[in-house]
Amino acid sequence: MVQIMPLNDHWIFTKTNNPTYVFESIQDGQSVTLPHSWNDTDGQGGSEKYFRGQCWYQRILDISHEDLTKRIYLEIGAAGNMGHVYVNGNMAGESRCGYAMFRVPLTPYLKEGGNLITIMVDNGYDSTVFPLMADFTFYGGLYREMSLLVMDEVHFDLMDNGRDGVYLTQRKISPETFELDVHGQIVNESSVLKEGSLQIQVRDEAGKTVLEASSELALGNEAKFSIKSEVANPILWDGVDQPYLYTVEVSVLSEGQVCDSRIIAIGFRTVEATTEQGLLLNGKPVKINGVCRHQDFAGVGNAITKTHMDEDMALIREIGANSLRLAHYQHDDYFYSLCDRYGLLVWAEIPFISIPSTKDPENHNAEEQLEKLIKQAYNHCSIYCWGIQNEITIAVETEQTYKTIRKLEVLAKHLDPNRLTVQANINGVENNSIINSFTDLIGYNLYYGWYYGEIKDLQDRLDEFHRAQPKIPIIVSEYGVDTNPKYHSYTPQVQDYTEEYQLLFHQNALETFDKRTFVLGGYVWNMFDFGSANRNEGGETGKNLKGLVTIDRKIKKDAFYLYKAYWSKNPFVHLAGRRFVNRHQEHNDIVILSNLHHLKVYLNQTLITEINSREPMKIVKDVSLIAGENCVIVEGTDEYGVIHTEEIVLHHAAEIDRNYIHVKPEKEKNVVNWFEKFDLSNAETIELRDGYFSTFDTIEDLYSNEEAKAVFLKYFEHVTNNPFFEVTKDVISIEKMAQLTFYNIPPELIPVINKELNAIQK
Ligand code: GCU
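Residues numbered from 1 in each chain as written. Predicted model: local features only at pLDDT ≥ 70, side-chain atom pairs only at ≥ 80, totals over all residues. Heavy atoms only, no water.

Under an unreviewed UniProt entry, the name given to the chain is Glycosyl hydrolase, and the organism recorded is Paenibacillus alginolyticus.

Moving on, we get to the packing of aromatic side chains. Applying the stated criterion across every chain, the model contains 34 aromatic pairs. Grouped by ring-pair contacts, the aromatic residues Phe678, Tyr703, Phe712, Tyr715, Phe716 and Phe725 constitute a single cluster. Stacked on the ring of Tyr378, the Lys or Arg Arg419 has its end atom at 5.7 Å from the ring centre. Directly above the aromatic system of Phe528 lies the positively charged group of Arg553, at a separation of 4.0 Å from the ring centroid. (Phe/Tyr/Trp six-rings, centres within 6.5 Å; stacked < 30°, edge-to-face > 60°. Lys NZ or Arg CZ within 6 Å of the ring centre and 35° of its normal.)

The next point concerns the sheet that holds strand S34 (residues 573-575). Spatially, three strands are ordered S34-S36-S39 in an open sheet, and the strand pairing comes out antiparallel. Because the sheet does not close on itself, it has two edges, and the strands there are S34 and strand S39 (617-624). Pairs of neighbouring strands in the sheet enclose a mean axial angle of 25°, with direction left out of account. Bridge count for S34 against strand S36 (residues 587-594) is three bridges, and the pairing is antiparallel. Looking across to S36, one finds that Val573 is bridged to Ser594. The sheet strands contacting helix H7 (residues 558-567) are S34, S36 and S39, and the helix crosses S36 at an angle near 50°. (Pairing = 2+ DSSP bridges. Helix = DSSP H or I, 4+ residues; strand = E, 2+ residues; numbered from the N terminus. Axes fitted to C-alpha atoms, helices over the stretch in contact; angles between N-to-C directions. Contact = heavy atoms within 4.5 Å.)

We now examine the site of the ligand. With respect to spatial proximity, 13 residues lie near the ligand, and among them Asp135, His328, Glu391, Tyr451 and Lys546 are the closest. Taking Glu478, its side chain carries an N or O atom lying 2.7 Å from an oxygen atom of the ligand. One of the side-chain N or O atoms of Trp525 is found 3.1 Å from an oxygen atom in the ligand. Surface burial for the ligand is 93%, taken as the share of its 320 Å² of free accessible area covered by protein chains. Tallied by class, residues from the shell around the ligand come to four nonpolar, four polar and five charged. (Near = heavy atom within 4 Å. Polar contact = N/O pair within 3.5 Å; in protein donor to acceptor, adjacent residues only side chain to side chain. Areas by Shrake-Rupley, 256 points an atom, 1.4 Å probe, with all protein chains shown as cover. Nonpolar A, V, L, I, M, F, W, Y, C, P; charged D, E, K, R; others polar.)

Let us look at the layout of surface pockets. One number sums up the size of the second largest pocket: a volume of about 1,000 Å³. Glu75, Arg163, Asp164, Asp333 and Ser337 are the residues nearest the centre of the second largest pocket, which is lined by 34 residues in total. When residues of the lining of the second largest pocket are traced back to their parent elements, those giving at least two are strand S10 (146-151), strand S20 (257-266), helix H1 (306-319) and helix H2 (333-342). (1 Å grid on protein atoms, 1.4 Å probe; cavity = no way out; pocket = protein on both sides within 12 Å on 5 of 7 lines; lining within 4 Å. Points joined across faces, edges and corners; volume = space filled by probe spheres on them.)

Further remarks concern the pairing of strand S33 (residues 540-544). Bridging between strand S32 (residues 530-537) and S33 involves four bridges; their strand directions are antiparallel. The residue bridging Gly531 from the neighbouring strand is Lys543, located in S33. Taking the residues between adjacent antiparallel strands as the criterion, S32 and S33 are bridged by two residues, where Gly538 takes a positive phi near 60°.

We now examine the pattern of salt bridges. Under the counting rule described, the total for this entry stands at 42 salt bridges. Here Glu362 ties to Lys407 by a salt bridge, and the two come within 3.2 Å at their closest N and O atoms. Placement of Glu362 in the loop between strand S26 (345-349) and helix H3 (364-377) and of Lys407 in helix H4 (residues 399-415) is noted, with a sequence separation of 45 residues between them. Here Arg579 ties to Glu499 by a salt bridge, and the two come within 2.9 Å at their closest N and O atoms. Residue Arg579 is located in the loop between S34 and strand S35 (582-583), and its partner Glu499 is located in helix H6 (residues 499-514); the two are separated by 80 residues in the primary sequence. Using a relative accessible area of 24% as the deciding quantity, one classes Arg579 as partly exposed. By relative accessible area, which is 1% here, Glu499 ends up buried. Among the ionic contacts, a cluster of salt bridges with common partners joins Asp135, Asp482, Arg535, Glu537 and Lys546. (Salt bridge = Lys/Arg side-chain N within 4 Å of Asp/Glu carboxyl O. Buried < 20%, exposed > 50% of the residue type's maximum accessible area, 1.4 Å probe, protein only.)

As recorded in UniProt, the feature "domain: Glycosyl hydrolases family 2 sugar binding" (unreviewed entry) lies at residues 51-149. When the span residues 51-149 is considered, its composition is 0% helix and 46% strand, and the gap between its end C-alpha atoms is 32 Å. (UniProt positions renumbered as here; feature names shortened; annotations may be inferred.)

What follows covers the domain arrangement of the chain. Taken domain by domain, the chain comprises domain 1 (3-151), domain 2 (166-266), domain 3 (274-521 + 529-538 + 548-554), domain 4 (582-660) and domain 5 (669-757). Each of domain 2 and domain 3 was reduced to a C-alpha centroid, and the two centroids are 33 Å apart. Of the residues lining the interface, 16 residues belong to domain 2; the matching set on domain 3 comes to 18 residues. A buried area of about 1,400 Å², summed over both sides, lies between domain 2 and domain 3, and 58% of it is on carbon and sulfur atoms. Among the residues of domain 2 in contact with domain 3, Tyr167, Trp237 and Val240 are the three that bury the most area, contributing 42% of the side total. Where domain 2 meets domain 3, there are one salt bridge. The partner of Asp238 in a salt bridge is Lys284, with the nearest N and O atoms 2.6 Å apart. At the level of secondary structure, the elements contributing two or more residues to the side of domain 2 that touches domain 3 comprise strand S12 (166-172), strand S17 (237-238) and S20. Among the elements that take part in the side of domain 2 that touches domain 3, S12 stands out by supplying six residues, more than any other. (Domains from an automatic or database assignment. Buried area = accessible area lost by both parts, 1.4 Å probe.)

Counting through the fold element by element, Asn436 comes out in the loop between strand S28 (420-426) and strand S29 (441-445). Overall, Asn436 belongs to the buried group, its relative accessible area being 1%. There is a polar contact of 3.4 Å between the side chain of Asn436 and the backbone oxygen of Glu430. Side-chain polar atoms of Asn436 contact the backbone oxygen of Asn431, separated by 3.0 Å. Other than its neighbours up to four places away in sequence, Asn436 contacts Asn425, Val429, Glu430, Asn431, Ile442, Tyr444, Phe465, Gln469 and Ile472.

Packing of H1 against H2 brings their axes to within 10 Å, and their N-to-C directions diverge by 35°. The crossing of H1 and H2 is right-handed. Between H1 and H2, the residues in contact are Lys306, Met309, Asp310, Asp312, Met313, Ile316 and Arg317 and Tyr334, Phe335, Leu338, Cys339 and Tyr342, respectively. In terms of residue class, the contact of H1 with H2 is built from eight nonpolar, no polar and four charged. (Left-handed = near helix turned anticlockwise from the far one by under 90°.)

On to the environment of Leu575, then. Considering the arrangement of structural elements, one finds Leu575 in strand S34. Look at Leu575 and you get buried, because its relative accessible area is 0%. With sequence-adjacent residues up to four places away left out, Leu575 is seen in contact with Asp558, Ile590, Val591, Ile592, Val632, Ile633, Val634, Glu646, Glu647 and Ile648.

Moving on, we come to the nonpolar core. One recurring pattern in soluble globular proteins is that nonpolar side chains are buried together. Core analysis: the biggest nonpolar cluster contains 152 residues, and Val291, Tyr384, Met527, Leu548 and Phe716 have the highest contact counts within it. Sorting elements by how many residues they give to this core places H7 first, with seven residues. For Met527, the residues in contact, after removing those within four places along its chain, are Val291, Cys292, Leu315, Ile316, Ile319, Gly547, Leu548, Val549 and Phe560. Formed by 28 residues, the second largest nonpolar core is a distinct cluster that contains Leu7, Trp38, Ala92 and Ile119. (Core = buried A, V, L, I, M, F, W, Y, C linked by side-chain atoms within 4.5 Å.)

A cluster of nonpolar side chains, namely Ile656, Ile661 and Val663, defines an oily patch on the protein surface of about 240 Å² accessible area. Looking at the element boundaries, Val663 is found in the loop between strand S41 (643-652) and helix H8 (666-672). (Patch = residues over 30% accessible without salt bridge, like charges linked within 9 Å, V, L, I, M, F, W, Y side chains within 5 Å.)

Right, here's the structure in full:
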């Protein structure tokens with residue numbers, strides 16, 4: 001029978017990159033417990049650069065004489081981003097999928113007594129391993145749990161890239177009945193053919209058996225199995241309202257003994273996507289009230305524990321979200337289990353993000369990561385779609401990229417014909433682009449009113465998309481604004497990083513989605529601030545600040561409560577602006593976020609107004625404050641007559657509090673106006689000649705000619721140290737750079753550059 005033993009402690013870790021550790025003990029190491037990441041601080045702004053490279057972990061594994069009669073595997077939750085496993089000096093296994101679990105058979109290399117296990121983990125740049133470039137920290141480390149699996153000779157196939165080695169497929173076959181297909185493969189590691197059987201037992205939440213089935217098996221080296229049964233009238237897994245789970249116990253028996261078994265949760269449900277009614281869960285329309293989540297946390301990087309994950313789930317449930325985009329890679333299996341348990345519909349995805357491989361045109365690693373994601377997360381009923389790319393056309397859009405996206409979609413359907421496929425496009429992808437025909441659903445990451453355009457442009461863009469693609473269901477796969485809760489304003493504006501601007505932005509998005517059925521819903525970018533080591537923005541280093549909650553999960557920004565007011569059924573009241581204490585204006589709007597409809601508002605113990613409104617955001621206009629301290633209290637009464645209250649103290653001061661204003665560092669200001677030194681006054685479009693350089697060539701091509709390179713550097717020397725530029729220069733052109741707000745290239749500059757480049761022969 002299988003034994004699973006945690007192997008998280010007694011590891012020695014070192015950043016000294018010394019290949020002799022494959023067979024020699026680490027001398028200069030420190031003792032660590034998994035999960036562990038070496039970028040716990042520098043990956044979140046703790047220093048200018050974060051450490052990327054090869055580090056080593058080592059441990060002694062004691063093996064008894066009896067253990068040697070078993071089959072022993074190492075199960076590694078993940079190695080970020082690549083890992084090599086050595087046992088007593090022998091290479092035993094590797095991973096190039098930094099977000100997936102992997103297993104290594106140890107038995108061939110083990111001896112009785114102490115065994116040296118060494119794991120080299122590498123988070124350096126590899127042009128064939130995704131992600132190549134992204135707006136988040138590529139934390140290095142053995143950042144998930146590790147276990148030793150001690151197996152009988154007969155067991156489920158642990159090495160098929162899957163998690164359980166057993167797959168549960170459910171399909172509705174009549175109005176009352178689901179088909180349950182339990183399938184997979186059994187491996188017999190002895191050289192003897194054995195007789196055996198497979199048994200399944202399905203139990204409801206009360207533990208009552210609702211189905212039993214079995215089949216006889218001849219156990220050769222490998223034996224495939226599939227037991228199809230019918231489950232009549234199951235209680236449905238119906239999202240957050242009723243996440244009902246059955247359990248399936250699957251056992252393989254040989255010679256009267258259970259050799260291996262799994263207990264897997266399953267929820268019976270159907271999911272369809274329509275433009276007429278939106279997403280249908282069990283035939284009923286459900287608007288996607290979603291948030292995105294990255295997996296890291298302050299102070300530990302991505303080396304999070306179950307306690308961190310429980311805390312995240314509690315916050316996600318508190319706002320009343322019904323769906324999650326688990327971006328931009330495979331998350332810990334435990335987190336998908338939490339989603340099953342609490343009824344959140346999940347968009348799961350791979351890190352085929354930003355740019356395709358610069359060295360492997362086939363992008364094999366994306367396929368590898370997709371296969372692992374689908375096989376390892378297959379049994380989670382919460383997952384409704386597989387995401388196959390995110391903003392992959394940011395720097396280059398070619399036939400080759402299309403080919404890969406199509407290939408990934410075919411692979412997803414082959415591995416799992418019963419789930420939807422989806423992509424998250426960057427806004428620049430044209431509504432009628434061929435990309436939009438590649439998957440069942442289309443997501444767009446839309447940052448109108450942050451990186452470009454105005455807040456209200458969101459509406460027009462979605463309507464235009466629908467006119468162009470009336471049959472394609474669309475999801476707003478990301479939208480959000482960086483917000484530092486220490487900044488405040490009476491007149492919130494784009495890029496001011498204030499809590500007030502975040503509220504305006506999200507209020508508009510919520511109204512926009514609610515009014516449009518063809519929009520399946522949206523995913524806030526992001527539920528939590530997250531580590532993005534190369535950022536230095538909005539008064540913080542190393543972090544993307546678009547979260548509704550700070551990276552330490554300590555501050556719920558006002559926008560958190562806006563969502564709660566829209567989505568949650570749990571009665572509450574919240575007064576926005578509690579951190580905007582010092583008010584230099586006498587007249588102030590009091591903003592209340594609440595899902596209650598009858599409220600009383602008091603200022604300095606005097607009732608100033610009663611509100612009867614179903615709006616989630618209620619505003620009491622022009623409340624005049626007295627000099628000094630003012631106490632504002634809101635009281636809301638719920639349907640049971642219970643009173644919910646909140647209080648804030650506002651200080652009316654004569655002077656504006658400058659701490660509330662984000663002042664851009666001088667350096668940044670210069671970068672913003674970098675083009676002013678060039679004369680753009682008489683820029684005219686020129687007819688481009690073939691055989692000469694132009695802004696359509698990749699930077700790599702420009703660099704191949706000294707003259708063309710000089711022209712490029714004349715204009716863009718200031719970006720060449722940027723890590724994003726570094727990894728994209730092989731594929732990006734000046735034309736593409738001009739589409740990215742990041743480079744801030746005025747359109748008039750393009751013909752000016754072309755005049756110079758197009759004079760240089762190739
Ligand atoms: C992109 C991207 C995210 C990124 C976000 C942002 O759309 O998909 O990974 O963090 O924008 O700029 O905040």
